[in-house]
Amino acid sequence: MFIGHYGPAVWDTQRGGGKPLIKLWEAFLAVQAMDLFCGALIMFGIEGTRLTDNGAPVFDIPWSHSLLSSVVIAVIAGLVYKVFRPQSGRREFWVIAILAFSHWLLDLIVHRPDLALYPGGETLLGFGLWDLPWVAFVLEAGLLAGAFLFWQKVTKAKNKKYDYAIWGLFLLMAVAHFAVIVFQGLQVQNGTYDHTAQPPTMALGLSMLLAFALFAFLISRIERGRPSKFSD
Ligand SMILES: [Zn+2]
């Protein structure tokens, strides 16, 4: 899953109508913590795609995407947050950790079986919704659109620009998603992807990290113009 991961990111923005515990851009990074780690591993060729015994390419992501890894990454994400926000407490830690873990649950829905229980484990999980590409695309775009709609409702734009900006970002993310998933990721999943034509791993991993950084940066800009409706 790619843009659908951002769906849960708005969860904290107005819990109980109070002040959000964490910034939305921080939530944007938390929900992608597993893929940030994955991107770094892809850069150095540690993770990527591999061919199964019957020649079909699948994702090879034992370190970043096993169930055990997802728990460890969630805890690390919470601790990293604590380092950068020393004044934060236990509640912020849990918000970050739960958002980071949500990544695994959403990946479980769409991935073909390539999610291990622990690194190197033989049992591979994944319900494979990517086999129905348009259903998967609508689900992911829907998760993001739903999140942005919710966020639009619980915040107040300083001016109209910050309303358009949300949906401009939505379009950008949906197009990026379409380009990655429909033309490449799905081909990996359904076996039509030309394994040998893959861009260098350094470029691939780096482009992942840059995309996540760009989305977090853009939402941080928009966030400045959309204070909470409930806080003073
Ligand atoms: Zn992932």
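Everything quoted here is computed from the prediction, not taken from an experiment.

Colleague: Can you walk me through the overall build of the protein in this structure?
Modeller: Each helix and strand in the protein was counted, giving eight helices and four strands. Seen in sequence order, the protein has helices and strands lined up from the N terminus as α-α-β-β-α-α-α-β-β-α-α-α. The 232 residues of the protein split such that 38% are buried. Considering only contacts in the protein between residues 6 or more positions apart, those separated by 24 or more positions represent 67%.

Colleague: Would you mind going over helix α5 (residues 90-110) with me for this structure?
Modeller: Two residues of an α-helix separated by three or four positions point the same way, owing to the 3.6 residues in each turn. For α5, which comprises 21 residues, the first-to-last C-alpha distance of 31 Å matches the rise-based estimate of 30 Å (1.5 Å per residue) to within 8%. For α5, the full list of buried residues reads Val95, Ile96, Ala97, Leu99, Ala100, Phe101, Ser102, His103, Trp104, Leu106, Asp107 and Val110. Summarising the contacts, the buried residues of α5 are in contact with α1 (24-31), α2 (33-43), α3 (62-65), α4 (67-84), β3 (115-116) and α6 (133-154).

Colleague: I would appreciate a short explanation of the environment of Phe150 in the present structure.
Modeller: Locating Phe150 in the fold gives a position in helix α6. Placed 143 residues apart in sequence, Phe150 and Gly7 show a C-alpha to C-alpha distance of 9.9 Å.

Colleague: I tried to follow the packing of α2 against helix α8 (residues 201-224) on my own but got confused; where do I start?
Modeller: When two helices pack together, you describe them by how their axes are tilted relative to each other and by the distance separating the axes. At a closest axis distance of 7 Å, the pairing of α2 and α8 adopts a crossing angle of 155°. On the basis of the axis angle, α2 is roughly antiparallel to α8. By crossing handedness, the relation of α2 to α8 is classed as left-handed. Listed contacts from α8 to Asp35, Leu36, Gly39, Ala40, Ile42 and Met43 of α2 are Thr201, Met202, Leu204, Gly205, Leu206, Met208, Leu209 and Phe212.

Colleague: I keep staring at the nonpolar core and nothing clicks. Help me out?
Modeller: Soluble, globular proteins show a tendency: their nonpolar side chains are buried together. With 50 residues, the main nonpolar core has Ala9, Phe28, Ala30, Ala33, Ala77, Ile96 and Ala100 as its most contacted residues. Elements supplying a minimum of two residues to this core: α1, α2, α4, α5, α6, α7 (161-190) and α8. Residue contacts for Ala9: discarding those within four places in its chain leaves Leu24, Ala27, Phe28, Val31, Leu99 and Ala147.

Colleague: Please clarify how the packing of α2 against α4 should be interpreted in this entry.
Modeller: Where α2 contacts α4, the two axes come as close as 9 Å, and the packing angle between them is 105°. By the criterion of interaxial angle, the relationship of α2 to α4 is roughly perpendicular. Residue-level contacts link Ala33, Met34 and Phe37 of α2 to Ser70, Ile73 and Ala77 of α4. Here the contact of α2 with α4 is composed, by residue class, of five nonpolar, one polar and no charged.

Colleague: Just checking my understanding: could you explain the confidence of the model for the protein for this structure?
Modeller: Detailed reading of the predicted coordinates is not advisable wherever pLDDT is low. Taken residue by residue, the protein gives an average pLDDT of 89. The fraction at 70 or more is 88%. When mean pLDDT is taken per element in the protein, α4 scores highest with 98 and strand β2 (residues 57-60) scores lowest with 79.

Colleague: Sorry if this is basic, but what is going on with α6 here?
Modeller: Its 22 residues place the ends of α6 32 Å apart at the C-alpha level, agreeing with the 32 Å of an ideal helix rising 1.5 Å per residue. Those residues of α6 lying buried are Ala136, Phe137, Glu140, Leu144, Ala147, Phe148 and Trp151. All buried residues of α6 fall inside an arc of 110° around its axis, so they share one side. For α6, the exposed residues lying more than 90 degrees away from the buried face are Trp134, Val135, Val138, Gly142 and Lys153.

Colleague: What exactly am I supposed to notice about the environment of Leu144 here?
Modeller: Following the sequence through the fold, Leu144 ends up in helix α6. According to the C-beta neighbour criterion, Leu144 is buried, with 23 such atoms within 10 Å. Each C-alpha atom of the pair Leu144 and Gly7 lies 4.8 Å from the other, and the pair is 137 residues apart in sequence. Contacts of Leu144, omitting those with residues within four sequence positions, involve Ile3, Gly4, Tyr6, Gly7, Phe170 and Met173.

What counts, and where the lines are drawn
- Residues numbered from 1 in each chain as written.
- Predicted model: local features only at pLDDT ≥ 70, side-chain atom pairs only at ≥ 80, totals over all residues.
- Helix = DSSP H or I, 4+ residues; strand = E, 2+ residues; numbered from the N terminus.
- Buried ≥ 20, exposed ≤ 12 C-beta atoms within 10 Å, placed from the backbone.
- Contact = placed C-beta atoms within 7 Å.
- Expected span 1.5 Å × (residues − 1).
- Axes fitted to C-alpha atoms, helices over the stretch in contact; angles between N-to-C directions.
- Parallel < 35°, antiparallel > 145°, perpendicular 65-115°, else oblique.
- Left-handed = near helix turned anticlockwise from the far one by under 90°.
- Core = buried A, V, L, I, M, F, W, Y, C linked by C-beta atoms within 7 Å.
- Nonpolar A, V, L, I, M, F, W, Y, C, P; charged D, E, K, R; others polar.
- pLDDT = per-residue confidence, 0-100.
- Arc of directions from axis to C-beta.

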